Amino acid sequence: MKKIYLIILMLTLVMAESLYCQISFIKRTIGVAGERVTGICSGDIDADGDMDIVVCNRLNNKIAYWRNDGGYPVKFTNIDIDPNFNTPMYNHVKDINNDGRLDVITSSASAGVLALWINKGGTPISWTKQVIDSSFPGAHAVYSGDIDNDGLIDIISSCGGDLNQVVWWKNGGGNPILWTKHIVAQNFHASQTITTADINGDNKLDIIAGSSGDNEISWWKNESTDTVKWTKHVISSTIGLPHWIFACDIDLDNDIDVLSVSYTGAEVAVWKNSGGDTIRWTKQALSSTFSTPLTVFAADFDNDNRLDVVATSFVGDKIGLWTNGGGNPISWTSSTIASGFNGPWPIYACDLDNDGDNDIISGADILGGSGVSASLTWWENKFILNDIKENEEIKLNYNLEQNYPNPFNPSTTISFNLKNAGFTNLTIYNMLGQIVKVLINEELYQGKHEVVFDASNSLSSSTYIYTLSCNGAQLSNKMMLIK
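Residues numbered from 1 in each chain as written. Predicted model: local features only at pLDDT ≥ 70, side-chain atom pairs only at ≥ 80, totals over all residues. Heavy atoms only, no water.

Looking at the overall build of the protein
Thought 1: Looking only at helices and strands, one finds one helix and 37 strands in the protein.
Thought 2: Computed over the C-alpha atoms, the radius of gyration of the protein is 22 Å, within 12% of the 23 Å expected from 2.2 N^0.38 for a compact globule of 483 residues.
Thought 3: If you line up the protein on its principal axes, its C-alpha atoms span 60 × 50 × 50 Å.
Thought 4: Going through the 483 residues of the protein one by one, you find that 59% of them count as buried.
Thought 5: Within the protein, residue pairs in contact and separated by at least 24 positions form 48% of the contacts whose partners lie at least 6 positions apart.
Thought 6: Taken as a whole, the protein presents about 19,400 Å² of accessible surface, with 49% of it coming from carbon and sulfur.
Thought 7: The distance from the centre of the 32 positive side-chain charges to the centre of the 54 negative ones in the protein is 2 Å. (Helix = DSSP H or I, 4+ residues; strand = E, 2+ residues; numbered from the N terminus. Rg over C-alpha atoms; globule rule 2.2 N^0.38 Å. Buried < 20%, exposed > 50% of the residue type's maximum accessible area, 1.4 Å probe, protein only. Contact = heavy atoms within 4.5 Å. Areas by Shrake-Rupley, 256 points an atom, 1.4 Å probe, with all protein chains shown as cover. Lys, Arg positive; Asp, Glu negative; His and termini not counted. Charge placed at Lys NZ, Arg CZ, Asp CG, Glu CD.)

In structure tokens:
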């Protein structure tokens, strides 16, 4: 795993970041035109150290993963997970049964089914299918997390159809897993998007969902861990058909914010979380002229430790990028990643080629439109630093070493050196930019420091980022947990 240094230059004058760096992307086709991919997610499915791609092929009624075979450019092999699952819609990968292998959760809106495929390992990988719910009409987005803090990964989803519900299924363990259905909300109409995050910082996962029928985004506060109770809080009720949301800390204030797209309002927006006991939400529109956006995702594309935003424009046949320039309010620079990409729908970002920067993956489904839907495609990020002078203050103030061992299981040691004392923060992030663990947040003396990060109970196999902040600068490295 390469060592990644993320340097934020502290400038006293406001200058355009384009003077210092640029992002460019190379288009790489993976699939075949016309496959109609509605769901995309990524993870190291075969545990070989690189990111694979899991897709829902709606037209072909199958769930498959594209195995990352490495090389340059990266080569992929298409492998079926299930070649006969009626009109799969969306998917999500997570180690559901805590065996160190990533499993796959998929919804079918037309069949009203939510199902899980347990990854049994082997070469080729064998899968065991378990139907979680066969009476969930209009099933759409799926996600997972330990809702009740019992150490087991639960599943959440929302639906339209006749139910219009937000639901979580409690993981009761066992083989096969015992699932217990709990309804979070009724009459949340035509809900197509859902996720989970700790919105209020109380170490309990809350649920965030969008209602396309009610033009609303809301979050449900998780009030307990024994018998989970929920309190609904509306973020906004004036978003024209919020087709997708994404939760992350976009302004780096340690509170989870929400990204949204408004299909009828042509808007991509950030809803900033004020924090505190009574959370207030402040909207910042990245664009109000981005035609028919369907999906939004956040990742750091220019290695400045700030999350940037990508979104798909369905009718506009394009993929847009907004680069996060920091500040308050955040400054955004917009650009177009792709145009003429027929029917862009799902979008995802991860480091596919293990070169230290995040790449973009998108699929397409034209629905009832004309022409042939675009192929499953990834855009290779060719981030370039242009003659940046080293910030000597950063270089002299500290250095951050690669964790050891790496890869690790279950614990690893992170070492760093401070030439000068200062208030220091060392934080672990996942690849979505969400905080996993704050290891240090205090004043430290000068000299060498070591801290042990133990991931034995809470994390699944994946790549994580650890970031050291001190004296007005930051450095980050990647590390890999393999269970």
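Things to note about the sheet that holds strand E20 (residues 257-262)
Backbone-to-backbone hydrogen bonds pair the strands of a sheet. The strands run either parallel or antiparallel.
Thought 1: Sheet architecture is open: four strands sit in the order E19-E20-E21-E22, paired in antiparallel fashion. Each edge of the open sheet is held by one strand with a lone partner, namely strand E19 (242-248) and strand E22 (281-287). On average, adjacent strands in this sheet sit at an angle of 25° to one another, irrespective of strand direction. (Pairing = 2+ DSSP bridges. Axes fitted to C-alpha atoms, helices over the stretch in contact; angles between N-to-C directions.)

A short note on the confidence of the model for the protein
Fine structural detail should not be taken from predicted coordinates in areas where pLDDT scores are low.
Thought 1: Scored by pLDDT, the protein comes out at a mean of 89, with 92% of its residues at no less than 70.
Thought 2: Every residue in residues 1-21 scores below 50 in pLDDT, and together they form 52 contacts with partners more than four places removed in sequence or on other chains.
Thought 3: Low confidence marks residues 385-396, where pLDDT is under 50. Its contacts with residues over four positions away, or in another chain, come to 15 contacts. (pLDDT = per-residue confidence, 0-100.)

A short note on the sheet that holds strand E27 (residues 344-350)
Thought 1: Spatially, the four strands line up as an open sheet ordered E2-E29-E28-E27, and their pairing is antiparallel. Each edge of the sheet is formed by a strand with only one pairing partner; in this case those strands are strand E2 (25-29) and E27. Going from strand to strand, the sheet's axes swing by 20° on average, the running direction of each strand aside.
Thought 2: Note that strand E28 (residues 359-364) and strand E29 (residues 377-381) share three bridges and pair antiparallel.

Let's talk about the pattern of salt bridges
Where charged atoms of side chains with opposite charge meet at close range, the side chains can pair.
Thought 1: Applying the stated rule across the entire model yields 16 salt bridges.
Thought 2: Asp 365 serves as the salt-bridge partner of Arg 58, at 2.5 Å between the closest nitrogen and oxygen. Taken together, the positions of Arg 58 in the loop between strand E4 (52-57) and strand E5 (62-68) and Asp 365 in the loop between E28 and E29 put the pair 307 residues apart, joining distant regions of the chain.
Thought 3: For Arg 101, the salt bridge is made with Asp 99, and the minimal N-O distance between the two is 3.1 Å.
Thought 4: Arg 101 gets classed as partly exposed once you look at its relative accessible area, which sits at 30%.
Thought 5: The network of salt bridges with shared partners includes Arg 28, Glu 380 and Lys 382. (Salt bridge = Lys/Arg side-chain N within 4 Å of Asp/Glu carboxyl O.)

Comments concerning the packing of aromatic side chains
Thought 1: Scanning the model with the defined rule gives twelve aromatic pairs in all.
Thought 2: Centre to centre, the rings of Phe 25 and Phe 301 are 6.1 Å apart; their planes meet at 75°, and the pair counts as edge-to-face. Placement of Phe 25 in strand E2 and of Phe 301 in the loop between strand E23 (293-299) and strand E24 (308-313) is noted, with a sequence separation of 276 residues between them.
Thought 3: Taking the relative accessible area as the measure of exposure, Phe 301 reaches 0% and is therefore buried.
Thought 4: Ring geometry for Phe 290 and Trp 322: centres 5.1 Å apart, planes at 80°, overall edge-to-face. Highlighted residues: Phe 290 in the loop between E22 and E23 and Trp 322 in strand E25 (residues 318-324), separated in sequence by 32 residues.
Thought 5: A relative accessible area of 4% places Trp 322 in the buried class.
Thought 6: Three or more aromatic residues joined by ring pairs make a cluster, and in this case those are Phe 246, Phe 297 and Tyr 348.
Thought 7: Looking at Arg 28, its charged tip hangs above the ring of Tyr 72, at a distance of 5.5 Å from the centre. (Phe/Tyr/Trp six-rings, centres within 6.5 Å; stacked < 30°, edge-to-face > 60°. Lys NZ or Arg CZ within 6 Å of the ring centre and 35° of its normal.)

Some remarks on unusual backbone geometry
Thought 1: Geometrically, the link from Tyr 72 to Pro 73 is a cis peptide bond, its omega value of -10° lying close to zero.
Thought 2: Here Thr 123 and Pro 124 are connected by a cis peptide whose omega angle stands at -5°.
Thought 3: Located in the positive-phi region is Arg 36, a residue other than glycine, with phi close to 60°.
Thought 4: Positionally, Arg 36 belongs in the loop between E2 and strand E3 (37-43).
Thought 5: For Ala 47, which is not a glycine, the phi torsion comes out positive at approximately 55°.
Thought 6: Tracing the backbone shows Ala 47 in the loop between E3 and E4.

Digging into the side chain of Asp 148
Thought 1: Looking at where Asp 148 falls in the secondary structure, it is placed in the loop between strand E11 (139-145) and strand E12 (154-159).
Thought 2: At 2.4 Å, the side chain of Asp 148 and the side chain of Lys 170 are in polar contact. (Polar contact = N/O pair within 3.5 Å; in protein donor to acceptor, adjacent residues only side chain to side chain.)

Notes on the pairing of strand E34 (residues 435-444)
Thought 1: Pairing between strand E33 (residues 422-429) and E34: eight bridges, direction antiparallel. Across the sheet, the residue bridging to Asn 425 is Asn 441, located in E34.
Thought 2: Between the end of E33 and the start of E34, which pair antiparallel, lie five residues, with Gly 433 showing a positive phi angle near 85°.

Quick word on the side chain of Ser 157
Thought 1: Along the chain, Ser 157 turns up in strand E12.
Thought 2: In terms of polar contacts, Ser 157 uses its side chain to reach the backbone carbonyl oxygen of Ala 141, at 2.9 Å.
Thought 3: Other than its neighbours up to four places away in sequence, Ser 157 contacts Leu 114, Phe 136, His 140, Ala 141, Val 142, Gln 165, Val 166, Val 167, Trp 169 and Ile 194.

Focus: the state of the cysteines
Thought 1: Under the defined criterion, the tally for this structure stands at zero disulfides.
Thought 2: Free of any disulfide, Cys 41 has its nearest cysteine sulfur in Cys 56, 7.3 Å distant.
Thought 3: A relative accessible area of 4% means that Cys 41 is categorised as buried.
Thought 4: Looking at Cys 248, it has no disulfide partner, and the nearest cysteine sulfur is the one in Cys 350, 16 Å off. (Disulfide = S-S within 2.5 Å.)

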